[in-house]
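Coordinate analysis (summary)
Below, each chain spelled out in residue letters.
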Amino acid sequence: AIVAPLEFTTTKDEYIARINPMTHQSVWFSSIDYSEIVYSSSHFCSIQEFLKQPFTLVTGIANSAPFVEYLEKLGAKFKHLSYSDHHHFSEKEIERFGGLGKILTTEKDFVRLQSLANLDDCYYIPIKTKLIDSKDYKSSLEQLLKQKVN
């Protein structure tokens, strides 16, 4: 099976034609679901409560556009500090973050930042992957697992 992110500009049919799956392969499309709760190391609150005040968004991911668009749709007021994927934060950058007030980041970057410094006002929003229009994925997975077990 092929799971494709639904973050592309072509239609599903065009995408399937482009990747040209083999006849035995299924193509399922996925998207990101954001949590309605944001967390810090010692606190949590609703995203609505968190967004009542401006904050700094810190991202070290390959494509932060969906995250930024999600926050903008919610009416968030923020400054975005964007770094490359798997960015190694320097001591100078960490010191700078300490003076920014509230910070929102990805769960991955939160773990990395917290391992380098104790940022009290650093929060993250969990995400989960959601399969879209894939009604047959459960039966397809069960069939695939049965084939692998036997």
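Attention in this report is confined to the structure presented alongside it. (Residues numbered from 1 in each chain as written. Predicted model: local features only at pLDDT ≥ 70, side-chain atom pairs only at ≥ 80, totals over all residues. Heavy atoms only, no water.)

1. Quick notes on a nonpolar patch on the surface
Selection rule: Any residue with relative accessible area above 30% and no salt bridge may belong to a patch, with like charges joined within 9 Å and the nonpolar Val, Leu, Ile, Met, Phe, Trp and Tyr side chains within 5 Å. Accessible areas in this description were obtained via Shrake-Rupley with a 1.4 Å probe; residue shielding takes into account the shown protein chains only. By definition here, a salt bridge exists when the distance from a side-chain nitrogen of Lys or Arg to a carboxyl oxygen of Asp or Glu is within 4 Å. In this description a helix means any DSSP run of H or I spanning at least four residues, a strand means any run of E spanning at least two, and both kinds are numbered starting from the N terminus. Between buried and exposed lies partly exposed: a residue is buried under 20% and exposed over 50% of the maximum accessible area for its type, with that area taken using a 1.4 Å probe on protein chains only.
On the surface, Tyr-137, Leu-141 and Leu-144 cluster together to form a nonpolar patch covering roughly 230 Å² of accessible area. Summarising the element assignment, Leu-144 is placed in helix α6 (residues 137-149). Accessibility expressed as a relative area gives 34% for Leu-144, which makes it partly exposed.

2. Side note on the pairing of strand β6 (residues 78-82)
Where we set the bar: Two strands form a pair only when DSSP identifies at least two bridges running between them. Here a crossover is taken to be right-handed if, once the strands point away from the viewer, the path from the first strand over the helix to the second is traced clockwise.
In this sheet, β6 lies alongside strand β5 (residues 55-59) in parallel orientation, the contact comprising five bridges. Residue pairing for β6: Leu-57 is matched across the bridge by His-80. A crossover connection joins β5 to the parallel β6 through helix α3 (residues 65-73); in handedness this β-α-β unit is right-handed.

3. What to know about the pattern of salt bridges
Under the counting rule described, the total for this entry stands at four salt bridges. Lys-130 is the salt-bridge partner of Asp-33, the closest N and O atoms lying 3.6 Å from each other. Highlighted residues: Asp-33 in strand β2 (residues 27-34) and Lys-130 in strand β9 (residues 127-132), separated in sequence by 97 residues. Where Asp-85 meets Lys-108, a salt bridge forms, and the shortest distance between an N and an O atom there is 3.1 Å. Pair noted here: Asp-85 is in the loop between β6 and α4 (91-98) and Lys-108 is in helix α5 (residues 107-116), with a separation of 23 residues, a long-range link. By relative accessible area, Asp-85 is classed as partly exposed at 34%.

4. Focus: the nonpolar core
How we decide: Only buried residues count toward a nonpolar core, which is a set of Ala, Val, Leu, Ile, Met, Phe, Trp, Tyr and Cys residues joined through side-chain atoms within 4.5 Å. The contact rule is simple, with two residues in contact once any of their heavy atoms fall within 4.5 Å.
Val-38, Phe-50, Phe-55, Leu-71 and Leu-104 are the most contacted members of the largest nonpolar core, which has 15 residues in total. Elements with a minimum of two residues in this core: α2 (47-50), β5 and α3. With three residues, α3 is the single largest residue contributor to this core. In this structure, Leu-71 is in contact with Leu-51, Phe-55, Leu-57, Ala-76, Phe-78 and Leu-104, ignoring residues within four places of it in sequence. Listed in part, the 13 residues of the second largest apolar core include Val-58, Ile-94, Leu-113 and Leu-119.

5. Observations concerning the packing of aromatic side chains
For clarity, the threshold we go by: Two aromatic rings from Phe, Tyr or Trp, using only the six-membered ring of Trp, form a pair when their centres are within 6.5 Å; if the ring planes differ by under 30 degrees the pair is stacked, by over 60 it is edge-to-face, and anything between is tilted.
Going through the model one piece at a time under the given rule, you end up with 12 aromatic pairs. Both rings, one in Phe-55 and one in Phe-78, keep their centres 5.4 Å apart while their planes meet at 20°; by these two values the pair is stacked. Here the residue Phe-55 occupies a position in strand β5, and Phe-78 occupies one in strand β6, the gap between them amounting to 23 residues. Taking 5.3 Å as the distance between ring centres and 75° as the angle between the ring planes, the aromatic pair formed by Tyr-83 and Phe-89 counts as edge-to-face. Since its relative accessible area comes to 14%, Tyr-83 is described here as buried.

6. Topic: the side chain of Glu-93
Rule in force here: His residues and chain termini do not enter the charge count, which takes Lys and Arg as positive and Asp and Glu as negative. The term polar contact refers here to a pair of N or O atoms within 3.5 Å; inside protein, the definition further demands a hydrogen-donor-capable atom paired with an acceptor-capable atom, and it admits residues adjacent in sequence only when both atoms are side-chain atoms.
Mapped onto the elements of the fold, Glu-93 is located in helix α4. For the buried Glu-93, no salt bridge exists, and the shortest N-O distance to an oppositely charged side chain is 6.8 Å, to Arg-96. There is a polar contact of 2.8 Å between the side chain of Glu-93 and the backbone nitrogen of Ser-90.

7. What about the side chain of Lys-102?
Locating Lys-102 in the fold gives a position in the loop between α4 and β7 (103-105). For the buried Lys-102, which has no salt bridge, the nearest side chain bearing the opposite charge is Glu-49, at an N-O separation of 7.5 Å. Only 2.7 Å separates the side chain of Lys-102 from the backbone oxygen of Phe-50, close enough to count as a polar contact. If near-sequence neighbours (up to four positions away) are discounted, Lys-102 is found in contact with Phe-50, Gln-53, Pro-54, Phe-55, Thr-56 and Asp-121.

Don't take any of this as a statement about function, it's just geometry.
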